[in-house]
Amino acid sequence: MKWKPLIFVLLLLALAGVIYALAQRPSHDIVLTGIVSTDEVIVSPQIQGRIDRLYVDQGDTVKKGELLAVIHPQEQAADVSYFESVQRQLAMQIEAAKADMQIAQVTYERYLPLLKTHAISQQEIDQARSTLDSAKARYEAASRQAAAAVAQTQQAKVILAYPKLYSPTNGIVDMRAALQGEVVNVAQPIVTLT
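Note that this is a predicted model, so its numbers are computed, not measured.

**Student:** Outline the sheet that holds strand S7 (residues 183-184), supporting the account with residue identities and numerical values.
**Tutor:** Strand order across the open sheet formed by four strands is S5-S4-S2-S7, with antiparallel pairing between neighbours. Edge positions in the sheet fall to strand S5 (164-166) and S7, since each of these pairs with one other strand and no more. Across four bridges, the pairing between strand S2 (residues 49-54) and strand S4 (residues 67-72) is antiparallel. Bridge pairing in S4 places Arg53 opposite Val70.

**Student:** Explain unusual backbone geometry residue by residue, including any values.
**Tutor:** A positive phi angle, close to 60°, is found at His118, a residue other than glycine. Summarising the element assignment, His118 is placed in the loop between helix H2 (74-116) and helix H3 (122-160). With a phi angle near 70°, Ala187 is a residue other than glycine that sits in the positive phi range. In this fold, Ala187 is placed in the loop between S7 and strand S8 (191-193).

**Student:** Before we move on, can you summarise the side chain of Thr192 with the specific residues and values?
**Tutor:** Here Thr192 lies in strand S8. Judged by its relative accessible area of 5%, Thr192 falls in the buried class. When near neighbours in sequence (up to four residues on either side) are disregarded, Thr192 contacts Glu40, Val41, Ile42, Ile172, Val173, Asp174 and Met175.

**Student:** Just give me the short version of the side chain of Thr153, but keep the residues and values in it.
**Tutor:** Topologically, Thr153 is positioned in helix H3. If we ignore the near neighbours within four places in the chain, the residues touching Thr153 are Phe83, Glu84 and Gln87.

**Student:** Pulling in residues and values, what's your account of the pattern of salt bridges?
**Tutor:** Taken as a whole and judged by the stated rule, the model has six salt bridges. Notably, a salt bridge pairs Asp52 with Arg50, separated by 2.7 Å at the nearest N-O pair. On the basis of relative accessibility, which here comes to 29%, the residue Arg50 falls in the partly exposed class. Here Arg176 ties to Asp57 by a salt bridge, and the two come within 2.5 Å at their closest N and O atoms. Pair noted here: Arg176 is in strand S6 (residues 171-176) and Asp57 is in the loop between S2 and strand S3 (61-62), with a separation of 119 residues, a long-range link. The class of Arg176 is partly exposed, set by a relative accessible area of 28%. For Asp57, a relative accessible area of 44% corresponds to the partly exposed category.

**Student:** Hey, could you go over the packing of H2 against H3 for me, with residue numbers and the actual values?
**Tutor:** With their axes 7 Å apart at the nearest point, H2 and H3 run at an angle of 160° to one another. Judged on the interaxial angle alone, H3 and H2 are roughly antiparallel. Note on packing geometry: the crossing formed by H2 with H3 is left-handed. Among the residues making up the contact of H2 with H3, the classes are represented as 25 nonpolar, 10 polar and nine charged.

What counts and what doesn't
- Note that residues are indexed from 1 along each chain, following the sequence as it is written.
- Confidence filtering applies because this is a predicted model: local features only for residues at pLDDT of at least 70, side-chain atom pairs given and counted only at 80 or more, and all residues used for totals across whole chains, interfaces and linings.
- The side-chain quantities take in all heavy atoms of the structure and omit both hydrogens and water.
- Being paired, for any two strands, means DSSP has found at least two bridges between them.
- Each helix is a run of DSSP H or I of at least 4 residues and each strand a run of E of at least 2, with the numbering of both proceeding from the N terminus.
- Think of it in three bands: with a 1.4 Å probe and only protein chains considered, a residue is buried below 20% of the maximum accessible area for its type, exposed above 50%, and partly exposed in between.
- Contact criterion: two residues are considered in contact whenever any of their non-hydrogen atoms come within 4.5 Å of each other.
- Definition used for salt bridges: Asp or Glu carboxyl oxygen within 4 Å of a side-chain nitrogen of Lys or Arg.
- In this analysis, axes come from line fits to C-alpha atoms, helices being fitted only over the stretch in contact, and the angle between any two N-to-C directions falls in the range 0 to 180 degrees.
- Angles below 35 degrees are treated as roughly parallel, those above 145 as roughly antiparallel, those between 65 and 115 as roughly perpendicular, and all remaining angles as oblique.
- Left-handed is the label given to a crossing in which the near helix is rotated counterclockwise from the far helix by less than a right angle, and right-handed is the label when the rotation is clockwise.
- The nonpolar class holds Ala, Val, Leu, Ile, Met, Phe, Trp, Tyr, Cys and Pro. Asp, Glu, Lys and Arg form the charged class, and all remaining residues, Gly among them, are polar.

Laid out in structure tokens, this is it:
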């Protein structure tokens, strides 16, 4: 019987040793200390105008392609109207220059046989040829100007398609740099995404 308390104490010590060993066993969690950094994306317009609608607030979560703001492009709409008006005016100038060119061509062709019979002078032929060349030059110049006006109209229409600002990435609105109703310039930050 003397051995029973000794065995009990030894078993108790063994059990305490196992519990201590398990408690001191290293954890699989790794604790690190550091600084978390994020990428910031500044969303800004490609056109100047007044912000008609701003759909996000600071702290909102946005997804790539989500509509953030709409800008009213006053200047660009005026540009489209102006260049369309220029096109109409140049179309009329082309028609007038074409008519002048046709008259000058007919006059020149009528004068050529008259020169052979000496009914008109060489100077009158030279004048008719000069008038024809001048009419052709005006027609070609008006045609080139009309082509340039078409290109400017198309460019203005492309720019007019830029009033909607979409989120370029998933993120959180870190900062709103502009307010609804505010007039913004090209590349002026509207929101910053993190």
